[in-house]
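Tertiary structure, described
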Amino acid sequence: KPEPPLIFPQREFVFTGHFALRRKECTEKALERGGVVATAVRRSTHYLVVGHIAADAWVQSAWGTKILDACDARAKGQSIAIVSEPHWLMALGHE
């Protein structure tokens, strides 16, 4: 399934994993575009953005837990998109 277009205003973003950008920069870019940022997946989350820098044993890490939480929320009918860092950067206008 292709990654969806990203809508920023009034949409909630959660970031997880290791990013090429600093986490603070990711947060600032979402806020500048009218988005909301949370630290954990919850009912109001629209997007989980996953950093592209992989780590060993990701499932035991905090970011692995966020991915599992998002998958669980989707299984329960929540409309949450799990998007990659490259897709996120493309939506910001980066290459």
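Residues numbered from 1 in each chain as written. Predicted model: local features only at pLDDT ≥ 70, side-chain atom pairs only at ≥ 80, totals over all residues. Heavy atoms only, no water.

1. Here's the deal with the pattern of salt bridges
Two side chains of opposite charge can pair, provided their charged atoms sit close to one another. Per the counting criterion, the structure on display carries four salt bridges. Glu32 is the partner of Arg33 in a salt bridge, and the nearest nitrogen-oxygen pair spans 3.7 Å. On the accessibility criterion, Arg33 (29% relative accessible area) is partly exposed. A relative accessible area of 59% places Glu32 in the exposed class. Salt-bridge contacts for Lys76 lead to Asp72; the nearest nitrogen and oxygen are separated by 3.2 Å. Assessed through its relative accessible area of 67%, Lys76 is described here as exposed. Asp72 gets classed as partly exposed once you look at its relative accessible area, which sits at 39%. (Salt bridge = Lys/Arg side-chain N within 4 Å of Asp/Glu carboxyl O. Buried < 20%, exposed > 50% of the residue type's maximum accessible area, 1.4 Å probe, protein only.)

2. A few points about helix 1 (residues 23-32)
Among the residues making up helix 1, those that are buried are Cys26, Lys29 and Ala30. Angular distribution of buried residues about the axis of helix 1 spans 100°; they occupy a single face of the element. When the buried face of helix 1 is taken as reference, the exposed residues oriented beyond 90 degrees from it are Lys24 and Glu32. In this fold, the buried residues of helix 1 make contact with strand 1 (12-16), strand 2 (36-38) and helix 3 (85-92). (Helix = DSSP H or I, 4+ residues; strand = E, 2+ residues; numbered from the N terminus. Arc of directions from axis to C-beta. Contact = heavy atoms within 4.5 Å.)

Any link to function would need more than the numbers given here.
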